[in-house]
Amino acid sequence: MSVAPRPAVPAKPSSSTPNFAHERNDSVSTPPPPQQTVYDRSLARKRGEVSLSAFAYIFSEAVQYCHSRSKDVSELEHRLNLLGRHIGVRVLELTVLREGKNAKRETRLMPMLQFVHTHIWRTLFNRPADSMQVSTEEQLQYMIIDHRPLVTEYISVPRDMSQLNCAALVAGIVQSVFSAAQFPCKVTAHSMGTDEFPDRTVYVVKFEDSVLKRV
Amino acid sequence: MYFAIVGNDDKSLYECDIGTLKPSEDASKLPAPIKDLNLYITHAALDVVDEAQWETQSLYLKSVDKFYGYIISAFVTPGNVRFLLLHDSRNDESIKQFFLDLWDIYTKTILSPFYKEGDPLGNPHFNARVKQIIRKNL
């Protein structure tokens, strides 16, 4: 999942027509013919799995797609958040699976936050998040802070939409990671730029009370 | 033996029968043939799993429940998907390996962008892999 700069390679035109043979086999219990499937490939971590230019391009298309279907900024952010939720569950399983023999489930709140801050961020962006804070105003509210979020790096926000933060996608990912691990919560992304880091983004994680009851 | 995968929202994602169970000494007291009860016995263990999964950080919960001499072992993935196996003999190491191999192919399946969370898991390639894993470990 990690995104690392890599020279863009022109996409290979697909030469063969899509193969739907396996769909026809669905009801029959005969074993499928031997061929390369996802199950033959290793899940082990590789460096720079995704081209940054390809990611930036697809993400900008996704933002425009959501934009054209939303009437205001909050709906746009909500749509991006929903997109992210599809990713979170997968990232969680993959990240823990890659720990190999040390794989474990986080059952307590603080270690879980730490896990997201460090391991999930590393899977997604190749580095841990910059810091984590406990909210002083509200109970069960935590903040994960990223000084230079990768997803917003190539997005220029028009002036009339200054509220928008496209890291809503990452907020969706984080929310679904926590929810899948049975820590139901709401996550929102807020731009809080400083002079040094104009793109600095704060992810506010607000857990539901049920989390507290269990702990 | 009987194997089931139960999703995060308690929906059944996959199930399969594996061979036959050796009749246990208590089995004669059973009201119906064990094959008909597999599903109920196994899913009844979910309540036990719900409690046991917070007691430990390991994914493999070992045997969580017993029923007339039969054993139910469980494995919980980080995303709270439960693997349940109903079996007759105690062999922790090979069952653990069985679950770990399954977790691997489960993860590969859900990584597909066309898979939606909560969809049933059966596709021919997945089935073939499950059979292979059963042959290897059980």
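Note that the structure is predicted; figures quoted are calculated from it, not measured.

Turning to the overall build of chain B, a few remarks are in order. A count of helical and extended segments in chain B gives four helices and five strands. Listing each helix as α and each strand as β along chain B from the N terminus yields β-β-α-α-β-β-β-α-α. Across the 138 residues that make up chain B, the buried fraction comes to 51%. Of the contacts formed within chain B by residues at least 6 apart in sequence, a portion of 55% connects residues at least 24 apart. Entry remark: accessible area of chain B is about 6,700 Å², with carbon and sulfur atoms responsible for 51%.

Residues and elements named next belong to chain A. Strands sit in the order β3-β4-β6-β5 across an open sheet of four strands; the sheet is antiparallel. Two strands lie at the open edges of the sheet, namely β3 (131–134) and β5 (185–191), each paired on one side alone. Neighbour-to-neighbour, the strand axes of this sheet turn through a mean angle of 20°, independent of strand direction. In this sheet, strand β6 (residues 201–207) lies alongside strand β4 (residues 141–146) in antiparallel orientation, the contact comprising six bridges. Among the inter-strand pairings, Ile145 is bridged to a residue of β6, identified as Val202. Contacts from helix α4 (residues 109–125) reach β3, β4 and β6 within the one sheet, and its direction differs from that of β4 by about 15°.

Side chains that are nonpolar tend, in soluble globular proteins, to be buried together. If you look at the biggest cluster of nonpolar residues, it comprises 100 residues, and the most contacted ones within it are A:Val116, A:Phe178, A:Phe207, B:Phe3 and B:Phe83. If near-sequence neighbours (up to four positions away) are discounted, B:Phe83 is found in contact with B:Phe3, B:Ala4, B:Ile5, B:Ser73, B:Ala74, B:Phe75, B:Thr77, B:Phe99, B:Leu102, B:Trp103 and B:Tyr106.

Moving on: the packing of helix α3 (residues 73–97) of chain A against helix α5 (residues 168–180) of chain A. All names here are of chain A. Interaxial distance between α3 and α5 falls to 6 Å at its minimum, and their mutual angle equals 45°. The angle between α3 and α5 places the two elements in the oblique class. Here the hand of the crossing between α3 and α5 comes out right-handed. Residues Glu77, Leu80, Asn81, Leu83, Gly84, Arg85, Ile87, Gly88, Val89 and Leu92 of α3 lie in contact with α5, whose contacting residues are Ala168, Leu169, Ala171, Gly172, Ile173, Gln175, Ser176, Val177 and Ala180. Its residues placed into classes, the contact of α3 with α5 shows 11 nonpolar, six polar and two charged.

On to the pattern of salt bridges. All names here are of chain A. Taken as a whole, this structure holds 12 salt bridges over all chains when the rule is applied. Glu106 is the partner of Lys104 in a salt bridge, and the nearest nitrogen-oxygen pair spans 3.5 Å. The exposure class assigned to Glu106 is buried, which follows from its relative accessible area of 13%. Glu138 is paired through a salt bridge with Lys206; the nearest N and O atoms lie 3.8 Å apart. Residue Glu138 is located in the loop between β3 and β4, and its partner Lys206 is located in strand β6; the two are separated by 68 residues in the primary sequence.

Another aspect to go through is unusual backbone geometry. Of note, the phi angle at A:Gln182 is positive, near 70°, even though the residue is not glycine. Tracing the backbone shows A:Gln182 in the loop between α5 and β5. The partly exposed category is assigned to A:Gln182, whose relative accessible area is 23%. For B:Lys62, which is not a glycine, the phi torsion comes out positive at approximately 60°. By secondary structure assignment, the location of B:Lys62 is in strand β3 (residues 60–67). Judged by relative accessible area, which is 46%, B:Lys62 ranks as partly exposed.

Once that is clear, we can look at the UniProt feature "transmembrane region" (unreviewed entry) in chain B. The positions UniProt marks with the feature "transmembrane region" (unreviewed entry) are residues 67–86 of chain B. In the segment residues 67–86 of chain B, helix accounts for 0% and strand for 65%; the C-alpha atoms at its two ends are 9 Å apart.

The subject of this paragraph is the environment of B:Lys11. All names here are of chain B. For Lys11, the location among the structural elements is in the loop between β1 (2–6) and β2 (12–17). When the C-alpha atoms of Lys11 and Pro120 are compared, they prove to be 8.9 Å apart, with 109 residues separating the residues in sequence. When neighbours within four sequence positions are excluded, Lys11 is seen to be in contact with Ile5, Val6 and Gly118.

Residue and element names in this part refer to chain B. Spatial ordering of the open sheet is given by β2-β1-β5-β4-β3, a layout of five strands whose pairing is antiparallel. Each edge of the sheet is formed by a strand with only one pairing partner; in this case those strands are β2 and β3. Direction aside, the axes of adjacent strands within the sheet are offset by 15° on average. Pairing of β1 with β2, which is carried by five bridges, proceeds in the antiparallel orientation. Note on β2: the bridge partner recorded for Tyr2 is Asp17. Across the sheet, helix α3 (residues 92–110) is in contact with β1, β3, β4 (70–76) and β5 (82–87); its angle to β5 comes to roughly 145°. The strands touched by helix α4 (residues 124–137) within the sheet are β1 and β2, with β2 carrying the most contacts at an inclination of about 50°.

It is worth spelling out the environment of B:Asp101 at this point. Residue and element names in this part refer to chain B. Secondary-structure assignment places Asp101 in helix α3. Put simply, Asp101 and Ile133 are 32 residues apart on the chain and 6.8 Å apart in space, counted from C-alpha to C-alpha. Apart from the residues lying within four places of it in its own chain, the contact partners of Asp101 are Ile133, Lys136 and Asn137. A distance of 3.1 Å separates polar atoms of two side chains, one belonging to Asp101 and the other to Asn137.

Cut-offs applied
Residues numbered from 1 in each chain as written. Chains lettered and ligands numbered in written order. Predicted model: local features only at pLDDT ≥ 70, side-chain atom pairs only at ≥ 80, totals over all residues. Heavy atoms only, no water. Helix = DSSP H or I, 4+ residues; strand = E, 2+ residues; numbered from the N terminus. Buried < 20%, exposed > 50% of the residue type's maximum accessible area, 1.4 Å probe, protein only. Contact = heavy atoms within 4.5 Å. Areas by Shrake-Rupley, 256 points an atom, 1.4 Å probe, with all protein chains shown as cover. Pairing = 2+ DSSP bridges. Axes fitted to C-alpha atoms, helices over the stretch in contact; angles between N-to-C directions. Core = buried A, V, L, I, M, F, W, Y, C linked by side-chain atoms within 4.5 Å. Parallel < 35°, antiparallel > 145°, perpendicular 65-115°, else oblique. Left-handed = near helix turned anticlockwise from the far one by under 90°. Nonpolar A, V, L, I, M, F, W, Y, C, P; charged D, E, K, R; others polar. Salt bridge = Lys/Arg side-chain N within 4 Å of Asp/Glu carboxyl O. UniProt positions renumbered as here; feature names shortened; annotations may be inferred. Polar contact = N/O pair within 3.5 Å; in protein donor to acceptor, adjacent residues only side chain to side chain.

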